[in-house]
Amino acid sequence: QVQLVESGGGLVQAGGSLTLSCVASGRTFSTAGMGWFRQAPGKEREFVAGISSSAADTYYIRSVKGRFTISRDNGKNTVYLQMNSLKPEDTAVYYCGARFKYGTFSGMYADYDYWGQGTQVTVSS
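Here we summarise the structure given alongside this text. (Residues numbered from 1 in each chain as written. Predicted model: local features only at pLDDT ≥ 70, side-chain atom pairs only at ≥ 80, totals over all residues. Heavy atoms only, no water.)

### Side note on the overall build of the chain
Of the regular secondary structure elements, the chain holds 0 helices and 11 strands. Sequence-ordered secondary structure for the chain, helices as α and strands as β, is β-β-β-β-β-β-β-β-β-β-β. Judged by the C-alpha coordinates and their principal axes, the chain covers about 40 × 25 × 25 Å. For the chain, buried positions account for 45% of its 125 residues. Only carbon and sulfur atoms are counted for the fraction: they give 48% of the accessible area of the chain, which is about 6300 Å². When the 12 positive and 9 negative side-chain charges of the chain are each reduced to one mean point, those points stand 3 Å apart. (Helix = DSSP H or I, 4+ residues; strand = E, 2+ residues; numbered from the N terminus. Buried < 20%, exposed > 50% of the residue type's maximum accessible area, 1.4 Å probe, protein only. Areas by Shrake-Rupley, 256 points an atom, 1.4 Å probe, with all protein chains shown as cover. Lys, Arg positive; Asp, Glu negative; His and termini not counted. Charge placed at Lys NZ, Arg CZ, Asp CG, Glu CD.)

Right, dumping it as structure tokens:
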């Protein structure tokens, strides 16, 4: 079993920044690909960014590329999402997911083995 706990969400004005953290416990974190997803009210959960187990590979969706940065510290069992130049459309509950297959990430929600409880990000205009 793996437990994932997100933190760092909050209310921020447009143009501001937040850093989300996701701390893992249980199974070996360093072997998991990690992904950040978000879900806005009335919408499906959306893939935002992913990072491979070794951090050699990362990926961002077009709408956040250049503004968000995903990183990880395997010594601290933590994955981060640095979010800059936030926009109102970034408002959502953000979730981290862990995927142990091949240590890779995926853009598909169903490919992840474990999820955190989510952290709310609200960007005011």
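### What to know about the pattern of salt bridges
For the structure on display, the rule yields 3 salt bridges. Between Glu46 and Arg38 there is a salt bridge; the shortest N-O distance is 2.8 Å. When its relative accessible area of 7% is taken as the criterion, Arg38 is described as buried. Measuring nitrogen to oxygen at the nearest pair gives 2.8 Å for the salt bridge that ties Arg67 to Asp90. Here the residue Arg67 occupies a position in the loop between β6 (58-60) and β7 (68-73), and Asp90 occupies one in the loop between β8 (78-83) and β9 (92-99), the gap between them amounting to 23 residues. (Salt bridge = Lys/Arg side-chain N within 4 Å of Asp/Glu carboxyl O.)

### What to know about the state of the cysteines
Scanning the entire structure with this criterion turns up 1 disulfide. Two residues, Cys22 and Cys96, share a disulfide whose sulfurs are 1.9 Å apart. An S-S torsion of about 55 degrees defines the bridge between Cys22 and Cys96 as right-handed. Here Cys22 is found in strand β3 (residues 18-26), whereas its partner Cys96 is found in strand β9, with 74 residues between them in sequence. (Disulfide = S-S within 2.5 Å.)

### With respect to the nonpolar core
Counting residues in each nonpolar core, the largest one holds 35 residues, and the members touching the most others are Leu4, Met34, Trp36, Phe68, Leu81, Met83 and Tyr94. Those elements that place two or more of their residues in this core are β1 (2-7), β3, β4 (33-39), β5 (46-51), β7, β8, β9 and β11 (119-124). (Core = buried A, V, L, I, M, F, W, Y, C linked by side-chain atoms within 4.5 Å.)

### Considerations on the environment of Gln13
Position of Gln13 relative to the elements: it lies in strand β2 (residues 10-13). Judged by its relative accessible area of 61%, Gln13 falls in the exposed class. Distance from Gln13 to Thr78, taken between C-alpha atoms, is 26 Å for residues 65 residues apart in sequence. For Gln13, the contacting residues outside a window of four places in its chain are Val123 and Ser124. (Contact = heavy atoms within 4.5 Å.)

Read these as layout, nothing more, since geometry by itself doesn't imply function.
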